[in-house]
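Coordinates in review
What follows is each chain in one-letter form.
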Amino acid sequence: MKKNSKSLVRRILLFSLIMGAAMFAIMLLGAVQKANNSYIMVDKDSIELVQLDEPKDGDPIAIVDTTLGEFRFVLYPQYSPNAVKNFTELAENGYYDGTYVFNSDSGAYSAAGAPNKDGSCNDTSHELVERELHQNLWPFKGAICALNTTIDRSLKERILGGGTYYNGSRFAIVNTIEFNDENQEAMREISDSQELAEAFIKNGGIPNFSQQMTVIGQTYSGLDVVEKLSQLEVDENDMYKTPKKDIMINSVKIDKYSTDTMDET
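Just so you know, the residues in each chain are numbered from 1, in the order the chain's sequence is written. Local features in this predicted model are restricted to residues whose pLDDT is 70 or higher, and side-chain atom pairs enter the listing and the counts only when it is 80 or higher, whereas totals over whole chains, interfaces and linings include all residues. Hydrogen atoms and water are omitted, and side-chain values are computed over all heavy atoms in the structure.

1. Remarks on unusual backbone geometry
With phi around 60 degrees, serine 106 is a residue other than glycine that occupies positive phi space. Here a strand is any run of E in DSSP of at least two residues, a helix any run of H or I of at least four, and the numbering for each starts at the N terminus. Within the element layout of this structure, serine 106 appears in the loop between strand S5 (99–105) and strand S6 (109–114). Of note in the backbone geometry, glutamine 211 takes a positive phi value of approximately 55 degrees without being a glycine. Looking at the secondary structure, you find glutamine 211 in the loop between helix H6 (194–203) and strand S10 (214–221).

2. Re a negative patch on the surface
Exposure above 30% relative accessible area and the absence of a salt bridge qualify a residue for a patch, where like charges join within 9 Å and nonpolar side chains (Val, Leu, Ile, Met, Phe, Trp, Tyr) within 5 Å. Where accessible areas are quoted, they stem from the Shrake-Rupley method and a 1.4 Å probe; at the residue level, only the protein chains shown are allowed to cover. By salt bridge we mean one thing: a side-chain nitrogen of Lys or Arg within 4 Å of a carboxyl oxygen of Asp or Glu. Charge convention: Lys and Arg are scored as positive, Asp and Glu as negative, and His as well as the terminal groups of each chain are ignored. Taken as the charge location is NZ of Lys, CZ of Arg, CG of Asp or CD of Glu. A surface patch of like charges, here negative, comprises Asp181, Glu182, Glu185 and Glu189. With respect to the element layout, glutamate 182 can be found in helix H5 (residues 181–190).

3. Some remarks on the side chain of serine 104
Checked against the element boundaries, serine 104 lands in strand S5. Distance and chemistry together define a polar contact, namely a pair of N or O atoms within 3.5 Å, with one atom able to donate a hydrogen and the other to accept it when in protein, and with adjacent residues in sequence counting only for side-chain atoms on both sides. Within the structure, serine 104 has its side chain in polar contact with the backbone nitrogen of leucine 232 (distance 3.0 Å). The contact criterion used is simple: two residues touch if any of their non-hydrogen atoms lie within 4.5 Å. Non-local contacts of serine 104, meaning those with residues more than four positions away in its chain, are made with Tyr109, Ser110, Leu229, Ser230, Gln231, Leu232, Val234, Lys241 and Pro243.

4. A few points about the pattern of salt bridges
Overall, the coordinates contain 10 salt bridges when judged by the stated rule. Residue glutamate 127 is joined to arginine 170 by a salt bridge in which the shortest nitrogen-to-oxygen separation is 3.6 Å. With glutamate 127 in the loop between S6 and strand S7 (129–130) and arginine 170 in strand S9 (residues 164–174), this pair connects stretches of sequence that are 43 residues apart. Comparing glutamate 127 with arginine 170 shows no difference in burial state: the two are buried. In this structure, lysine 244 engages aspartate 235 in a salt bridge whose closest nitrogen and oxygen atoms are separated by 2.5 Å. Only protein chains enter the area calculation, which uses a 1.4 Å probe; residues under 20% of their type maximum are buried, those over 50% are exposed, and those in between are partly exposed. Looking at lysine 244, the relative accessible area reads 40%, which means it is partly exposed.

5. Quick word on the nonpolar core
For this analysis, a nonpolar core means a set of buried residues of the types Ala, Val, Leu, Ile, Met, Phe, Trp, Tyr and Cys, connected via side-chain atoms within 4.5 Å. Leu49, Trp138, Phe140, Cys145, Phe200 and Ile206 are the most contacted members of the largest nonpolar core, which has 37 residues in total. Ignoring any residue separated from it by four or fewer positions in sequence, one finds phenylalanine 200 in contact with Trp138, Pro139, Phe140, Phe179, Met187, Gly205, Ile206, Pro207 and Ser210. Ranked by size, the runner-up nonpolar core spans 25 residues in total, among them Ala62, Ala83, Ala146 and Val252.

6. Considering the packing of H5 against H6
Angles run from 0 to 180 degrees between N-to-C directions of axes, and those axes are lines fitted to C-alpha atoms, restricted for helices to the stretch in contact. Two elements in contact, H5 and H6, have axes whose closest approach is 8 Å; the angle formed by their N-to-C orientations is 160 degrees. Between H5 and H6, the interaxial angle falls into the category roughly antiparallel. The handedness of the crossing between H5 and H6 is right-handed. Contacts from Gln184, Met187 and Arg188 in H5 reach Gln194, Ala197, Glu198, Phe200 and Ile201 in H6. Following the grouping adopted for this structure description, the nonpolar residues are Ala, Val, Leu, Ile, Met, Phe, Trp, Tyr, Cys and Pro, the charged ones are Asp, Glu, Lys and Arg, and the polar ones are all others, Gly among them. Taken together, the residues of the contact of H5 with H6 break down into 4 nonpolar, 2 polar and 2 charged. Here roughly perpendicular refers to angles of 65 to 115 degrees, roughly parallel to angles under 35, roughly antiparallel to angles over 145, and oblique to all remaining angles. Crossings are classed by handedness, with left-handed meaning an anticlockwise turn of the near helix from the far one by less than a right angle and right-handed meaning a clockwise turn.

7. Here we look at helix H3 (residues 81–92)
Expected span of a helix: the number of residues minus one, times 1.5 Å. Between the first and last C-alpha of H3 there are 16 Å, a value that for 12 residues agrees with the 16 Å anticipated at 1.5 Å per step. Of all the residues in H3, the buried ones are Ala83, Val84, Asn86, Phe87, Thr88, Leu90 and Ala91.

8. Quick notes on the packing of aromatic side chains
Two rings from Phe, Tyr or Trp (for Trp, the six-membered ring) form a pair when their centres are within 6.5 Å of each other. A pair whose planes differ by under 30 degrees is stacked, one over 60 is edge-to-face, and the rest are tilted. A complete count under the given rule lists 11 aromatic pairs for this structure. Taking 5.7 Å as the distance between ring centres and 85 degrees as the angle between the ring planes, the aromatic pair formed by phenylalanine 87 and phenylalanine 171 counts as edge-to-face. With phenylalanine 87 in helix H3 and phenylalanine 171 in strand S9, the pair connects residues that are 84 residues apart, well separated along the chain. The two residues phenylalanine 87 and phenylalanine 171 agree in class, both being buried. On the basis of an interplanar angle of 75 degrees and a centroid distance of 4.9 Å, the ring pair of phenylalanine 102 and tyrosine 240 is categorised as edge-to-face. In this pair, phenylalanine 102 sits in strand S5 while tyrosine 240 sits in the loop between strand S11 (234–236) and strand S12 (241–243), placing the two residues 138 residues apart along the sequence. Placement of a charge over a ring requires the Lys NZ or Arg CZ to be within 6 Å of the ring centre, with the centre-to-atom vector within 35 degrees of the ring normal. The ring centre of tyrosine 165 lies 4.0 Å from the NZ or CZ of arginine 131, which sits over that ring.

9. Remarks on the environment of threonine 242
In this fold, threonine 242 is placed in strand S12. The spatial distance from the C-alpha of threonine 242 to the C-alpha of leucine 232 is 8.7 Å, given a sequence separation of 10 residues. If we skip the residues at most four places from it in the chain, threonine 242 touches Phe102, Lys117, Glu233, Val234, Asp235 and Asn237.

Below you can see the structure in the form of structure tokens.
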């Protein structure tokens, strides 16, 4: 793996191991996290890692055609209803057709769905969807997450913490950090849920994103495209690592999963 990718891994692990308040460390220890002016309690004994299950006939899916190929992901309206509704409506209206992959970060993840190459949006009407977190959804490899857009905080919340977090139209496509022997050992040591730790180690992902963004889906076909999108040659600017070559989302089609269709692909 590239040197900068290893550097990213070290930063993530150093932050999570030394700073006990790091999001993913808190969640893996089964502690309480504040989100959307409420608390989400992660119970390690009742977590259902639904992203590891195969889609079932009739499940809603998104079929994303990109410059580098097609990937497909199952949607989770039962866990992230507002974000999935926002994404689905935009897709069905053709919003994502001809939008950009505007960030490709060190092999770890990419970000897409912006009408402008710099990642900005022309219309902000779909950018204020309250963040939805759920203990059954995690940033495993292939996870699709609605990117956070802003946070609304009162003066009291600025001082004491809290606030309402929002996400919008653009989405992150999670690939993975490197899980070498040292990183695997660290995951097992800090995690109160060994099932969750082993799921990250086996399947890949970015633990430090845990319970920070709304997960709307999980890729079940086209993981090779997910990998390619995260490993592009880029120009670094203030906000993003912008692909040197224009990489586009040609279209996003909303459909229902069918085993018959998968047998034909």
